[in-house]
Amino acid sequence: MNEAQRLVELIPRLRRYARALVGDRATADDLVQDTLERAWAKLHLYRRGTDLRAWLFTVMHNVHVNRVRAARVTDPLEDEMPELAQRAPQGDALLVRDLDRGITRLPAEQRAVLLLVTLEEMSYEQVARTLGIPIGTVMSRLSRAREKLRAMMLGQPVSAKLKVVK
Amino acid sequence: MTDAVSEHDLQAYADGKLPEDRHAAVAEWLAAHPDDAERIESYRRLAEELRSTYDGVLDEPVPERLQRALRPAHARRVALVAMWVALGAALGAVAGWQLHSMQASPVVAADGATVLARRAAVARSPTSARA
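Rules and cut-offs
- Residues numbered from 1 in each chain as written.
- Chains lettered and ligands numbered in written order.
- Predicted model: local features only at pLDDT ≥ 70, side-chain atom pairs only at ≥ 80, totals over all residues.
- Heavy atoms only, no water.
- pLDDT = per-residue confidence, 0-100.
- Contact = heavy atoms within 4.5 Å.
- Axes fitted to C-alpha atoms, helices over the stretch in contact; angles between N-to-C directions.
- Helix = DSSP H or I, 4+ residues; strand = E, 2+ residues; numbered from the N terminus.
- Parallel < 35°, antiparallel > 145°, perpendicular 65-115°, else oblique.
- Nonpolar A, V, L, I, M, F, W, Y, C, P; charged D, E, K, R; others polar.
- Phe/Tyr/Trp six-rings, centres within 6.5 Å; stacked < 30°, edge-to-face > 60°.
- Buried < 20%, exposed > 50% of the residue type's maximum accessible area, 1.4 Å probe, protein only.
- Lys NZ or Arg CZ within 6 Å of the ring centre and 35° of its normal.
- Expected span 1.5 Å × (residues − 1).

Asker: Tell me about the confidence of the model for chain A, residues and numbers included.
Answerer: Residues and elements named next belong to chain A. Put simply, chain A has an average pLDDT of 83, and 78% of its residues get 70 or more. Low confidence marks residues 78-94, where pLDDT is under 50. Its contacts with residues over four positions away, or in another chain, come to 25 contacts. Below a pLDDT of 50 lies the segment residues 159-166, which in the model reaches five contacts outside its immediate sequence neighbourhood of four places, other chains included.

As structure tokens, this is what we get:
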């Protein structure tokens, strides 16, 4: 199978990760679209035989960082105000919404690590390679993300910095 | 005897990524530390909830615009192949036509002569001049 077909097969996984990463469907698909276009343009930089999924998620990570940075230039509060979104229909609605909201309140770099480990079920080494960070950083971000999310789910105050969504 | 159990071990345990040879040590640690056991269990549940929340996206139909995002380069490649095929076909046609005309030229000449003769005959004919 060539890279083109494998990229097509990875689209649903990109969408799942993007949905959890940014919250709403339209913004998530915008991110996926930008990622796919960039991946196409840069496909010659992918080394055959290496992990295409990790490569693609690296592209998505870079695109996401750039988009967040650009959004911050136009609206400094953008990153702090996760949009309310259409949610996946399955599961306990209240729980889903809380978990969703909890995820969007995590610092972006912790969110990425947690989602790659839990949704993509990447090894810690793969996460480190995908995000271009040392494995020790992966572990500390994972640990902090989980502890924060757990505290949020238990209704404990996590951070005084959390802003009220308008 | 319990080896030192690290936070890395505990996270890996929650993720089911713990190497086999660490299992016994971590299980022993968790048995002796109920707070950690409860915490790690909650991490494991959280991961399950995350998956059940977002796995539905995997089954959603991929929007047209995302499929199109992969098309420009693909279309370019298809167009390139099509161009070569067309070029090949054109070269083949030209070669075939030349070959054909080389073989067929006496016939064409004969046909041409016949036509000319017929036209001459028609021109000379008084009936066709009147028509």
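Asker: Outline the packing of helix 1 (residues 7-15) of chain B against helix 2 (residues 23-32) of chain B, listing residues and values.
Answerer: Residue and element names in this part refer to chain B. With their axes 11 Å apart at the nearest point, helix 1 and helix 2 run at an angle of 95° to one another. By the angle class used here, helix 1 and helix 2 are roughly perpendicular. Each of Asp9, Leu10 and Tyr13 in helix 1 lies in contact with helix 2, whose residues at this interface are His23, Val26, Trp29 and Leu30. Split into classes, the residues belonging to the contact of helix 1 with helix 2 amount to five nonpolar, one polar and one charged.

Asker: Provide a residue-level description of the packing of aromatic side chains, including the pertinent values.
Answerer: Inspection of every chain in the model, using the stated rule, returns two aromatic pairs over all chains. Consider the rings of Tyr17 of chain A and Phe57 of chain A, whose centres lie 5.2 Å apart with planes at 65°: the pair is edge-to-face. Of this pair, Tyr17 of chain A sits in helix 1 (residues 3-22) while Phe57 of chain A sits in helix 3 (residues 52-74); the two residues are 40 residues apart in sequence, bridging distant segments of the chain. Take Tyr17 of chain A: its relative accessible area is 2%, and that puts it in the buried class. Here the basic side chain of Lys17 of chain B rests over the ring of Tyr124 of chain A, its NZ or CZ set 6.0 Å away from the ring centre.

Asker: Which residues make up helix 2 (residues 25-41) of chain A, and what values do they have?
Answerer: If you check helix 2 of chain A, its first and last C-alpha atoms are 24 Å apart, about what 17 residues at 1.5 Å a residue would give, namely 24 Å. Taken together, the buried positions of helix 2 of chain A are Ala28, Asp29, Leu31, Val32, Gln33, Thr35, Leu36, Ala39 and Trp40 of chain A.

Asker: Quick rundown of unusual backbone geometry? Include the residues and the values.
Answerer: The phi angle at Glu121 of chain A is positive, at roughly 50°, despite the residue not being glycine. Looking at the secondary structure, you find Glu121 of chain A in the loop between helix 5 (108-118) and helix 6 (124-131).

Asker: Which residues make up the environment of Asp9 of chain B, and what values do they have?
Answerer: Residues and elements named next belong to chain B. Of note, Asp9 is situated in helix 1. Given the relative accessible area of 9%, Asp9 is considered buried. As for Asp9 and Val26, which are separated by 17 residues in sequence, their C-alpha atoms are 7.1 Å apart.

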